[in-house]
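What follows is each chain in one-letter form.
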Amino acid sequence: MAAVKETVETVGEIEKYKYGFFTDIESEKAPLGLTEDTVRFISAKKDEPEWLLEWRLAAFRRWQTMTEPTWAKVTYPPIDFQDAYYYSAPKQTVKLDSLDQVDPKLLETYEKLGIPLTEQKMLAGVAVDAVFDSVSVVTTFKEKLAEAGVIFCPMSEAVKKHPELVKKYLGSVVPSSDNFYATLNSAVFSEGSFVYIPEGVRCPMELSTYFRINEKQTGQFERTLIIADKGSYVSYLEGCTAPQRDENQLHAAVVELIAHDDAEIKYSTVQNWFPGDEEGKGGVYNFVTKRGDCRGENSKISWTQVETGSAITWKYPSCILRGDNSRGEFYSIAISNGRQQVDSGTKMIHLGRNTTSRIVSKGISAGRSSNTYRGLVSVHRKAENVRNFTQCDSLLIGDRCSAHTVPYIETKNPTAILEHEATTSKIGDDQLFYCMQRGIGEEEAVALIVNGFCRDVLQQLPMEFAVEAQKLVGISLEGSVG
Amino acid sequence: MLEIRNLHVTVGGKEILKGIDLDIRAGEVHAIMGPNGSGKSTLSYVLAGRDGYVVTEGSIRFKGKDLLEMNVDERAAAGVFLAFQYPLEIPGVTTMTFLKTALNAQRRARGEEELDAVRFLKLVREKSRPLNVSDDMLKRSLNVGYSGGEKKRAEVLQMSLLEPVLAVLDETDSGLDIDALKTVAEGVNALRSPERAMVVITHYQRLLDYIVPDVVHVLSQGRIVKTGGKDLALELEKSGYAEYGADAA
Amino acid sequence: MSEKATQHFIEVYEETRAALPGAGGWLARRREAAIGSFREAGLPHRRMEEWKYTDLRRTFEKASFGPAPVHEGAVVLPERRSASAFAAIDRHVLVFVNGRYRDDLSRAGHLPKGVELHALDDVLHEQWAKDLVERRFDDARQAENIVDLNTALMSDGACLRIRKGVKLDKPLHLLFVAQDAGASHTRNLVLLENEAEATIFETHIGEVASFVDVVTDIVIGDGARLNHVKLQDEAPDAVHLATMRARLAAEAKLSSFTLTLGCGVSRGQSFVLFSGEGAEASIDGAYALRNRQHADQFCVIDHAVPACTSHTLFKGVLDGESEGVFQGKVIVRPHAQKSDGRQMTHALLLSRDAAMNAKPELEIYADDVQCAHGSTVGELSKEAVFYLRSRGIPEAEARRLLVLAFLEEALDLAPHNQAKDALKLLVSEWFGEAAP
Ligand SMILES: Nc1ncnc2c1ncn2[C@@H]1O[C@H](COP(=O)(O)OP(=O)(O)OP(=O)(O)O)[C@@H](O)[C@H]1O
Ligand SMILES: [Mg+2]
């Protein structure tokens, strides 16, 4: 599998590289800008069937008529979508023996999603190619997964090997016309993961993909599709990092989850894209559409996210609770520091009877950042006995940051019981004093208290992931006190 | 070990300590008694380095160093421990995590090796058993939902784990039932050693039956008005603070 | 060219402006500017975030309101109890019919020295009136923009100024009666100088297809205190649009309570701006809706300075096909440390076809603050109903008791004891009418 990478970048200081090794990679690019030809080019490069090309083109035409959403509480200079590259792939394919060489690093990656900054650099040097290349994931676990009948492969491979599944489900949760960025993604997406868990199968291991925007040629428009057939279970982990660069990079991913009767999908993310420097220069624009469809009865979809990176985050992992008795969960920690801007939350759309949802959002703002929770709980007329509980807590560190809570609660059925609570506070001086009296340094004390504040969410993460996420909390807040 | 000279402290613009002199040598236990509002907790906070407690005059030297130059966690790592009159609650941080973070932070600051999970666990078990601190308590968020007595026992547990050089116990006996009082006193006594000094702030002679002090001070209106042996406490129990010019409010 | 409903109001303005108060003066110019902005913004609609749940454009597309006639004859108060809810309370009464002051019906009594009470026309030459009319809050522009319509068309209103340290001896009751179909635009101005105190009751009643547009601009000086109790109970084909803008100086206190028994479409907007430290505002309300009533409570509290306290509680019950809306926002500006902002909204859905939308927002730019909001929506607890029935209380009675108990928490916040009792009685009767 060739590593296929796309990127959109605001052109400007694109010649500045922080890491010399990037220049070593010879890559093949589509011409600058986005036209129908770019879309055809991508599709051809990936050797796609006609129907998919048509699907992309339809999305592209639609996209041309759309305008960027402006309702989120984020500000950034206009993105010139024509002044960017939409396709770039290394000419060289990673060889297996070279993969073997980087294997230990890769393993490290999987053990430590949510990588500390120092390790990021290390990884950037050697393991990156292998990491982009979702192949490694597949090769590592292929046999074991195949035994269970689980399909786990890059999207482009799925298009070829399992066209019927892709055709059936692609765009069935996030239609290609859904929103500006999802539509853009539909036109130009390439990599991403495809997961299918057959009926009755409990996926024998955690599946994980580690996304990385490596250099200017490797921005992300990945598309992930996870289908849990009747009575199946899967836990999927997603980690993201990007190296430091001056220009802003766009990451516009789409994730679609489908849970059939009695199936459960647990989707965890540790998002640590480069947040930009202290002055707000550079960093990733993370404009992501994630949605799960609890299509079957008694199905369950649970989103857990730890968002520490990105210059701008615009992201609302949602659940459509269609099947009766289905359940949606959203557990989120969003930490912003420096000049980061986060506008994130969830939507719980209750369509089926006895559907339940739970939202726990912990927002931590430090530095000069802005952190917004935006969420919708909506109960349709026919959804009987809906239950929702929402808890949104914001913690402010320092007096130059801000925290916002924008919940929408809409119900058309009297049997629904919806509860929403939100608080805003700061770390108590006396809590800090108490910790420090025990010998804990100020930064560590802040990290400790913040981790306590986030505990309800951290507990939702798979074990090793949780440990790393805790460390990440500390790292993300560095320089926010004193 | 600790030399306090002519210490004046203001809090919120108001002078609370008005010239304290106090010498504590290694191995000694000093009791400080005195009416409510006389400045006992203030003294303990100043030793620990709490913000907002402004030293306007005087000095504090600890083990030959200027304590006032050190920040809060440096003092802790140097061995100053304060058992709080009102221990703080930290939601979401388990007592276990807190203990480990504190112990390892201090060890790190002193250039000692950090304890790994296994050794740490063993140590905590060892220290918590005699204090009747259950595993369940250790797993709960620090001080959250602890009863008054449980909080005090948790403070003593922290002390015995962190093995300070100078321990200041601010009314660690209040809110304890008789059995807990004994347990806590035993915990404290177990820590008594020639290298270690203690300051026990209390309102009750009762505690001093268990933790027998070498010296007893009476603090009133921001000054040490009397210093004596352990019998002084007995005397106070009988006659109150009236003769020291304090009204009990 | 604006769309039809907007255009209608512009035409009304053009036809009537010569006859409106303040012609030829600063207000005429202000009106010109306001109608210009109104033309530009148009009537608010669903695609505007702050009107997401109340589409005034559609409301006025479906029903058009010409200016209500000047009514000079006798007035028969509607039979509704709301009309006489405060009758037993010793108070000054100003009556407005179709939005115009009727001296013959009013009983202002003898006012204490330092209390000045006038009709709008009489204070236009005064600077304070001009300041109040011209001031904008700009915390929620889409919502506040609709005030332009009022500024352009306002024809009358009560203007109260209380001098430093003076207390109004008894409540001032502003009774607005919609006697004939049509639109009225009223502007009330209230200025409490330092340490002054007043209690104002405000009642809106009517049994005709009226559009009542009322804006109340308030300034509360240092240490001054204003209590405000509002009752709104109008016809099923009426539209009610009320905006209160209040600025509070240091240590000032405002307690405002609104009972909304509603009309066809009603929207109550409250803007509170703290401009001095240590001030307190409590903006609360209860509503009981049925049939196809729609009521929207919109509330923005701006902690622009440190150490102020705000409290908002709205509780409502929704029967029939009614729809309730609560949109609230607490803003804490940078450096407004020690702010305390609390915002709660609770709704009970009594029928299958009722709906509730809530959007309680926090916008916080300072760290040393205590802010919280909460929202619940649900139906009457079945267990509670069962419990009461098991004690021999018939179901309808059990439900009534529980609903009243639910609303009581909010009603208790009405800042005048007799008024509070009067409102409780009304709510209890409202429930009686609901029995099928
Ligand atoms: N921030 C502050 N501003 C002004 N006065 C303060 C402040 N904090 C404490 N004080 C005052 O300082 C005095 C000493 O308080 P302190 O807590 O040291 O007394 P104490 O001797 O420990 O009393 P107790 O026996 O009740 O624990 C009290 O009068 C208290 O009210
Ligand atoms: Mg004390």
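Residues numbered from 1 in each chain as written. Chains lettered and ligands numbered in written order. Predicted model: local features only at pLDDT ≥ 70, side-chain atom pairs only at ≥ 80, totals over all residues. Heavy atoms only, no water.

## Considering the overall build of chain A
Part 1 of the argument: From N to C terminus, chain A includes 13 helices and 22 strands.
Part 2 of the argument: Within the span of chain A, comprising 482 residues, buried residues form 67% of the whole.
Part 3 of the argument: At a minimum sequence separation of 6, the contacts of chain A that also span at least 24 residues come to 85%.
Part 4 of the argument: When the accessible area of chain A is evaluated, it comes to approximately 16,300 Å², of which 49% is carbon and sulfur surface. (Helix = DSSP H or I, 4+ residues; strand = E, 2+ residues; numbered from the N terminus. Buried < 20%, exposed > 50% of the residue type's maximum accessible area, 1.4 Å probe, protein only. Contact = heavy atoms within 4.5 Å. Areas by Shrake-Rupley, 256 points an atom, 1.4 Å probe, with all protein chains shown as cover.)

## Considerations on the overall build of chain C
Part 1 of the argument: Of regular secondary structure, chain C possesses 10 helices and 19 strands.
Part 2 of the argument: Expected size for 436 residues packed as a compact globule is a radius of gyration near 22 Å; at 21 Å, chain C falls within 12% of this value.
Part 3 of the argument: A principal-axis box enclosing the C-alpha atoms of chain C has dimensions of 70 × 50 × 50 Å.
Part 4 of the argument: Within the span of chain C, comprising 436 residues, buried residues form 64% of the whole.
Part 5 of the argument: For chain C, contacts bridging at least 24 residues in sequence account for 86% of all contacts bridging at least 6.
Part 6 of the argument: Accessible surface, chain C as shown: approximately 16,000 Å² in total, 49% of it carbon and sulfur.
Part 7 of the argument: Looking at chain C, you have 51 positive and 64 negative side-chain charges, and the mean spots of the two groups are 1 Å apart. (Rg over C-alpha atoms; globule rule 2.2 N^0.38 Å. Lys, Arg positive; Asp, Glu negative; His and termini not counted. Charge placed at Lys NZ, Arg CZ, Asp CG, Glu CD.)

## Comments concerning the interface of chain B and chain A
A common measure of how large an interface is: the accessible area buried when the components associate.
Part 1 of the argument: Across the contact, 34 residues belong to chain B and 18 residues belong to chain A.
Part 2 of the argument: A buried area of about 2,100 Å², summed over both sides, lies between chain B and chain A, and 66% of it is on carbon and sulfur atoms.
Part 3 of the argument: Summed over the shared surface of chain B and chain A, the result is 2 salt bridges.
Part 4 of the argument: The shortest N-O distance in the salt bridge between R108 of chain B and E444 of chain A comes to 2.7 Å.
Part 5 of the argument: At the boundary of chain B and chain A, one finds 11 residue pairs in polar contact (both at pLDDT 80 or more).
Part 6 of the argument: Every element with two or more residues in the side of chain B that touches chain A is listed here: α1 (40–48), α2 (72–78), β6 (80–83), β7 (90–94), α3 (95–109), β8 (141–142) and α6 (148–162) of chain B.
Part 7 of the argument: Ranked by residue count, the leading element in the side of chain B that touches chain A is α3 of chain B, at 7 residues.
Part 8 of the argument: Split by residue class, the side of chain B that touches chain A holds 19 nonpolar, 9 polar and 6 charged. (Buried area = accessible area lost by both parts, 1.4 Å probe. Salt bridge = Lys/Arg side-chain N within 4 Å of Asp/Glu carboxyl O. Polar contact = N/O pair within 3.5 Å; in protein donor to acceptor, adjacent residues only side chain to side chain. Nonpolar A, V, L, I, M, F, W, Y, C, P; charged D, E, K, R; others polar.)

## Description of the pattern of salt bridges
Residues and elements named next belong to chain C.
Part 1 of the argument: Counting across every chain of the model gives 61 salt bridges over all chains.
Part 2 of the argument: As a salt-bridge pair, R161 and E126 come within 3.9 Å of each other at their nearest N and O atoms. You can see R161 sitting in strand β4 (residues 158–162) and its partner E126 sitting in the loop between α4 (120–123) and α5 (127–134), a full 35 residues away along the chain.
Part 3 of the argument: Here the residues in one salt-bridge network are R136, D138, R141, E144, R187, D217 and R245, joined through shared partners.

## Re unusual backbone geometry
Part 1 of the argument: Positioned with a positive phi, S310 of chain A is a non-glycine residue whose angle comes to about 75°.
Part 2 of the argument: Mapped onto the secondary structure, S310 of chain A falls in the loop between β13 (300–307) and β14 (312–315).
Part 3 of the argument: In the Ramachandran plot, E195 of chain C falls in the positive-phi region, its phi being about 65° despite a non-glycine side chain.

## Considerations on a positive patch on the surface
Part 1 of the argument: Together, K412 of chain A together with R46, R58 and K62 of chain C give the surface a local cluster of positive charge.
Part 2 of the argument: Tracing the backbone shows K412 of chain A in the loop between β21 (402–411) and β22 (417–426).
Part 3 of the argument: Residue classification places K412 of chain A among the partly exposed positions, given a relative accessible area of 34%. (Patch = residues over 30% accessible without salt bridge, like charges linked within 9 Å, V, L, I, M, F, W, Y side chains within 5 Å.)

## Some words on the interface of chain A and chain C
Part 1 of the argument: Between chain A and chain C, the contact holds 32 residues from the first and 34 residues from the second.
Part 2 of the argument: For the chain A and chain C pair, buried surface summed over both sides reaches about 2,700 Å², with 47% attributable to carbon and sulfur atoms.
Part 3 of the argument: Remark: the boundary between chain A and chain C carries 3 salt bridges.
Part 4 of the argument: Where E363 of chain C meets K73 of chain A, a salt bridge forms, and the shortest distance between an N and an O atom there is 3.4 Å.
Part 5 of the argument: Counting across the interface, chain A meets chain C through 15 residue pairs in polar contact (both at pLDDT 80 or more).
Part 6 of the argument: Taken together, the elements giving at least two residues each to the side of chain A that touches chain C come down to β21 and β22 of chain A.
Part 7 of the argument: Classifying every residue of the side of chain A that touches chain C gives 12 nonpolar, 11 polar and 9 charged.

## Topic: helix α4 (residues 117–128) of chain B
Residues and elements named next belong to chain B.
Part 1 of the argument: Along its 12 residues, α4 runs 16 Å from first to last C-alpha, staying within 8% of the 16 Å computed at 1.5 Å per residue.
Part 2 of the argument: Those residues of α4 that sit buried are F120, V124, K127 and S128. Each buried residue of α4 sits inside an arc of 90° when the element is viewed along its axis, so together they form one side. When the buried face of α4 is taken as reference, the exposed residues oriented beyond 90 degrees from it are V118 and K122.
Part 3 of the argument: Considering only its buried residues, α4 is in contact with α3, α5 (135–139) and α6.
Part 4 of the argument: For α4, the capping residue at the N-terminal end is D116, with a side-chain oxygen 3.1 Å from the backbone nitrogen of V118. (Expected span 1.5 Å × (residues − 1). Arc of directions from axis to C-beta.)

## Focus on the coordination of the magnesium ion (ligand 2)
Part 1 of the argument: Only S41 of chain B (OG) and Q85 of chain B (OE1) from the protein coordinate the magnesium ion (ligand 2), and they sit 1.9 to 2.2 Å from it. In this pair, S41 of chain B sits in helix α1 while Q85 of chain B sits in the loop between β6 and β7, placing the two residues 44 residues apart along the sequence. (Donors = N, O, S within 2.8 Å, 3.2 Å for Na, K, Ca; no water.)

## Things to note about the packing of α4 of chain B against α6 of chain B
Residue and element names in this part refer to chain B.
Part 1 of the argument: Their axes nearest at 10 Å, the elements α4 and α6 cross at an angle of 125°. Put simply, α4 runs oblique to α6. In this structure, α4 meets α6 at a crossing whose hand is right-handed. Across the interface between the two elements, F120, L123, V124, K127 and S128 of α4 pack against L157, S160 and L161 of α6. (Axes fitted to C-alpha atoms, helices over the stretch in contact; angles between N-to-C directions. Parallel < 35°, antiparallel > 145°, perpendicular 65-115°, else oblique. Left-handed = near helix turned anticlockwise from the far one by under 90°.)

## Some details on the sheet that holds β6 of chain B
Pairing between the strands of a sheet comes from backbone hydrogen bonds, and it takes one of two forms, parallel or antiparallel.
Residue and element names in this part refer to chain B.
Part 1 of the argument: Here 6 strands make up an open sheet; going across it, the order is β6-β9-β10-β3-β11-β12 and the pairing mixed. Across the chains shown, the open sheet's two edge strands, defined by having one partner strand only, are β6 and β12 (223–228). Within the sheet, the average angular offset between the axes of one strand and its neighbour, ignoring direction, is 20°.
Part 2 of the argument: Contacting β6 and β9 (166–170), α6 crosses the sheet at an angle of about 165° to β6. (Pairing = 2+ DSSP bridges.)

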